[in-house]
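Take a look at the letters that make up each chain.
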Amino acid sequence: MGAALLSELATEIVVPVCAVIGIVFSLVQWFLVSRVKLTPDRNGTTSSPRNNKNGYGDFLIEEEEGINDHSVVVKCAEIQNAISEGATSFLFTEYQYVGIFMVAFAILIFLFLGSVEGFSTKSQPCTYDKSKLCKPALATALFSTVSFLLGAITSVLSGFLGMKIATYANARTTLEARKGVGKAFITAFRSGAVMGFLLAANGLLVLYITINLFKLYYGDDWEGLFEAITGYGLGGSSMALFGRVGGGIYTKAADVGADLVGKVERNIPEDDPRNPAVIADNVGDNVGDIAGMGSDLFGSYAESSCAALVVASISSFGINHEFTAMLYPLLISSMGIIVCLITTLFATDFFEIKAVKEIEPALKKQLIISTVLMTVGIAIISWIALPTSFTIFNFGAQKEVKSWQLFLCVGVGLWAGLIIGFVTEYYTSNAYSPVQDVADSCRTGAATNVIFGLALGYKSVIIPIFAIAISIFVSFTFAAMYGIAVAALGMLSTIATGLAIDAYGPISDNAGGIAEMAGMSHRIRERTDALDAAGNTTAAIGKGFAIGSAALVSLALFGAFVSRAGILTVDVLTPKVFIGLIVGAMLPYWFSAMTMKSVGSAALKMVEEVRRQFNTIPGLMEGHAKPDYATCVKISTDASIKEMIPPGALVMLTPLIVGIFFGVETLSGVLAGALVSGVQIAISASNTGGAWDNAKKYIEAGASEHARTLGPKGSEPHKAAVIGDTIGDPLKDTSGPSLNILIKLMAVESLVFAPFFATHGGLLFKIF
């Protein structure tokens, strides 16, 4: 079999050191962003070092135009404070509700898992090897509860820290846009990198420390240890669900309300300070696209790691107690942090962006460079951390696998992620024909725009699904369910870069809003719009990664659940399984209906409030009076807190109800059905929304002859594009991204509760 080249001691050092390097790097990036000051100096410019590096010595646009008004800087600081306070206030309110759920669900985990052996404290025969004794079910209950709480807290912290850095950086990006588009890009990207590296490093470090602490009790019982660790993934995804749904409803209620009244009815620019919903809209970008997305990708990372560890613990790694090989998933993530660190320097230090057209290629290069470097990194980790030959648990049997085969499994997931990213970019960027065709369809009104946008979304599913299918086939053929779990981890191995690119979008969007509200030069708004248009595409790429990895993660978790529940085969021709399959396929539709209706009803209240203020506040349209921003913020907050509970309950309660009343076979059908239909809807919804948004921006920018024939702002084609964008908003920012959490969360929850379902489940079938 051969031992791994990397010793156990070296593994114990490498993983935490890489995590600490990631945290230190994120702090360095934060320090560099903080050098852009939000206080005017005596000359009226923002205080920052004048050393010509990265353009700090450039003249400001205001200086060129002879304006040099330092009240602009003060206004930017005021707006940033309002956005930051609104976002912090909302998250604290949301976390109070989520905290109650977290404690209640933790108690439920303990009671359900503890009751498997009647709360006995005696050692029990192991699940997979009855000749050995393992720790009691009560221990699994207690440690699963602890790991659930750790995962939930880490997820909440990830989202909160991401939101704080985004609200810290938005006005700084606006001010840097006065020096050039390259300076603004670097500030926005560095801020995204702070979030990316903090999240990746924190997730890795907490998981590593948890494993080592649990080992003190479990000792040689690795099967029990890593079964208890699955709670970490459940905690991460539970919080992500509420963050994504709550944040998504908040941001889209404000966005749709602001757009429909401001742009369509009143014909005023986006983010115009006269619009009462404008602060709520900018707050929403941070609580939905930053905090929600951060929690979401942390959940994916935690679950793929847990799925791989559970399968490995009952393979030769766990049986022979090969610690280095066992921590192979964590070593991949450690290498990912180092690779992403090098990749980030290409965007911020090695090359400088000088023109608008260089923004999107620079972000694409980030994906390509990180993927190429990570391929080499995976090869090195596979060579030093794995024995040349080993066995992997495969539904009751042990399958022999070579180390190079596992390298291919991770590699195929990594490259499938890149393919999904590029296909997403092709269908959502206004540099390519699909979005330009959607924009062109606005000539004949909103109806044709909607038809073209829906068709584009459906078509955009094809290649990503083939990429996911091929990666599943290759990884399963080589290394069974463990192969699929590490393929998901491969797709997420460059999570720090992916998050940096993703967070860059909302930061740029906020920067544009602040420029408009502060009354800055139209040239600055053009620069922030260019950053934002590229950010829309990168946000869509980030969602593509999240959905693709969710498909692989949930399949790996599904395999672990089937093994843990003792199901030998999942036969779709049996009635028990088929009814689960068809109900599971319906759940993403039910969930989408709930979230979209929530956005619609919240947006309705917002539209009415914005109209009321325009009609009743004297001098508001003329700019003589200030709108009541606080009421709009309150409408979004109240709506999102109230409306996030039913969709969250649907996802969290379904596995419990099905497992308890119908048993593990029906639950396996539900998980398979939700996975298959959820992935398709999530990809099409995200890409349709992204395409509509960029079709609108394509018309607004008027960068080509074709775009100018459709404009300018306020023209009939532009109004049709705005309507398409408002329809797409809840698709791309609420329903679509939340669906990947639905399929992952139901799978990991089923795995955590599998011992209880296998022992006490299927009550209805036992009665009849």
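Residues numbered from 1 in each chain as written. Predicted model: local features only at pLDDT ≥ 70, side-chain atom pairs only at ≥ 80, totals over all residues. Heavy atoms only, no water.

- In the annotation of an unreviewed UniProt entry, the entry for the protein reads H(+)-exporting diphosphatase, and the organism field reads Glycine max.
- Under the UniProt heading Subcellular location (unreviewed entry), the entry covering the protein gives this text: "Endomembrane system". (UniProt positions renumbered as here; feature names shortened; annotations may be inferred.)

1. Some points on the pattern of salt bridges
Part 1: All told, the structure shown has 23 salt bridges when counted by the stated rule.
Part 2: Between Lys634 and Asp638 there is a salt bridge; the shortest N-O distance is 2.7 Å. In this pair, Lys634 and Asp638 are both assigned in helix H19 (residues 629–643), four residues apart and thus about one turn of the helix distant.
Part 3: Residue class for Lys634 comes out exposed when judged on its relative accessible area of 51%. (Salt bridge = Lys/Arg side-chain N within 4 Å of Asp/Glu carboxyl O. Helix = DSSP H or I, 4+ residues; strand = E, 2+ residues; numbered from the N terminus. Buried < 20%, exposed > 50% of the residue type's maximum accessible area, 1.4 Å probe, protein only.)

2. A look at unusual backbone geometry
Part 1: At Asn267, a residue that is not glycine, the phi angle is positive and equals roughly 55 degrees.
Part 2: Structurally, Asn267 can be placed in the loop between helix H6 (222–265) and helix H7 (278–313).
Part 3: Of the residues examined, Asn267 reaches a relative accessible area of 48% and is grouped as partly exposed.
Part 4: One non-glycine residue, Ala480, lies in the positive phi region at around 50 degrees.
Part 5: On the basis of relative accessibility, which here comes to 1%, the residue Ala480 falls in the buried class.

3. Describing the packing of aromatic side chains
Part 1: Taken as a whole and judged by the stated rule, the model has 26 aromatic pairs.
Part 2: Ring centres of Phe105 and Phe753 lie 5.9 Å apart, and the angle between their planes is 90 degrees; on these two criteria the pair is classed as edge-to-face. Placement of Phe105 in helix H3 (residues 71–114) and of Phe753 in the loop between helix H23 (716–752) and helix H24 (754–760) is noted, with a sequence separation of 648 residues between them. Note on accessibility: Phe105 and Phe753 belong to one class, buried.
Part 3: Members of the aromatic cluster, each reached through a chain of ring pairs, are Phe101, Phe105, Phe112, Phe148, Phe242, Phe753, Phe756 and Phe757.
Part 4: Taking the ring centre of Tyr217 as reference, the NZ or CZ of Lys135 above it sits at 4.8 Å.
Part 5: The cationic tip of Lys215 hangs over the ring face of Phe323; the distance from NZ or CZ to the ring centre is 4.0 Å. (Phe/Tyr/Trp six-rings, centres within 6.5 Å; stacked < 30°, edge-to-face > 60°. Lys NZ or Arg CZ within 6 Å of the ring centre and 35° of its normal.)

4. Things to note about a nonpolar patch on the surface
Part 1: On the surface, Val572, Leu573, Phe578, Ile582, Val583, Met586 and Trp590 cluster together into a nonpolar patch covering about 690 Å² of accessible area.
Part 2: Within the element layout of this structure, Trp590 appears in helix H18 (residues 575–616).
Part 3: The exposure class assigned to Trp590 is partly exposed, which follows from its relative accessible area of 42%. (Patch = residues over 30% accessible without salt bridge, like charges linked within 9 Å, V, L, I, M, F, W, Y side chains within 5 Å. Areas by Shrake-Rupley, 256 points an atom, 1.4 Å probe, with all protein chains shown as cover.)

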